[in-house]
Structure formats: structure tokens, C-alpha cells
Amino acid sequence: MTMEGEGKLRIGTAEREAAAAALNAHLEAGRLGVEEYADRSAVAANAVTADELSALFTDLPEPHPALPGTAPAVRPQAVVQQRRFGSSWGTRIAAASPILALILFFVLNTAGVPMAWLAFLLIPLVGALGFSKERQDERDERRGLPEERRDELDR
């Protein structure tokens, strides 16, 4: 018994059910007629290899089932979401740091602490700490992507 290619990988019940769910979505969207849906569903229910299932979706847009031996379709929003300012605790704290530094300055200055102006050095420190964690998280998310996908996101 030899494997002739990745498409010859055997599939299981989970892949057949995912194909049926994707076909249901295409039927609901009006991309498939009832007869064609019935034909494709029968093929999906009896499929043994990934090739048999992938052939059912060659002329259809997403959704497609995830099949063994094939790379899932990568959507930019699903992999690396665009971060909006204020979408994480790091950016919120960094945004509040000038106000906190000003309050700390007035409190320390009123208490007679010399060099109370040093409180303003907290602003760049907090910003650097907050944003470096986000950049590391983003790099970790991108690390699992294929190289051509990373290049596309860099543009």
C-alpha cells in the first residue's frame, strides 16, 4: 500500500461532516440548486479521500472544509487582526500615562518632594512597555504563517 500524493490521504467522519456543512451554506446562499446539492452531498457522504472532497468545491467560493494535507485558506482578519488604538490594556495604560504622570507630579510637588518632574519620565517608559508586549504578540501570531503570507501582510 503506497501513498501517491497528499490528496490521497484518507478522511474521516469529521471531514465529511465539514463538507456537508459547507455544502449547506452554499445551498442557502443560492450557489447550488437542490439537485446539484443532493449529488454533491451524496459524493461527500461516500468520500474516502481528501481529493474526492476537494473536487466538490473547485467551482465554489469559501467556505470550504479543512482537509488533511491541504493548507487552510488564510484570511488576514482571522490570522492577524488589525489592532485599533485602545483595543488592549497596553494601549489604554499608555494613553492614560500622561494624565497619571501629571497627577503624580502635582501630588509630589505639593508634598515638597524635590525633582517631582521625574514623574514625567513614566510616560515613555509605560508606552514602551505596553507597546512592546503587543508587538511581541503580533510577531508570535505571524510566526505560524507561510512566508509568502507574511510578506503580503507586510505590504
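What counts, and where the lines are drawn
- Residues numbered from 1 in each chain as written.
- Predicted model: local features only at pLDDT ≥ 70, side-chain atom pairs only at ≥ 80, totals over all residues.
- Heavy atoms only, no water.
- Helix = DSSP H or I, 4+ residues; strand = E, 2+ residues; numbered from the N terminus.
- Expected span 1.5 Å × (residues − 1).
- Buried < 20%, exposed > 50% of the residue type's maximum accessible area, 1.4 Å probe, protein only.
- Arc of directions from axis to C-beta.
- Contact = heavy atoms within 4.5 Å.
- Phe/Tyr/Trp six-rings, centres within 6.5 Å; stacked < 30°, edge-to-face > 60°.

Asker: What exactly am I supposed to notice about helix α1 (residues 13–28) here?
Answerer: Helical geometry note: an α-helix holds 3.6 residues per turn, so side chains three or four residues apart project in the same direction. The terminal C-alpha atoms of α1, which comprises 16 residues, lie 22 Å apart, in line with the 22 Å expected from a rise of 1.5 Å per residue. Taken residue by residue, α1 has Glu15, Ala19, Ala22, Leu23 and His26 as its buried positions. Across the axial projection of α1, the buried residues extend over an arc of 100 degrees, all falling on one side. When the buried face of α1 is taken as reference, the exposed residues oriented beyond 90 degrees from it are Thr13, Ala14, Glu17 and Glu28. Looking at the packing, one finds that the buried side of α1 touches α2 (34–46) and α3 (50–54).

Asker: Just to check I follow, could you spell out the packing of aromatic side chains for this structure?
Answerer: Any aromatic ring pair is given by two values, namely how distant the centres are and how the planes are angled relative to each other. Summed over all chains, the structure comprises two aromatic pairs. Note on Phe105 and Phe120: the rings are 5.2 Å apart at their centroids and 40 degrees apart in plane angle, and the pair reads as tilted. Here the residue Phe105 occupies a position in helix α5 (residues 89–110), and Phe120 occupies one in the loop between α5 and α6 (122–143), the gap between them amounting to 15 residues. Looking at Phe105, the relative accessible area reads 18%, which means it is buried. Through pairs of rings, three or more aromatic residues link up here, namely Phe105, Phe106 and Phe120.

Structural measurements only, silent on function.
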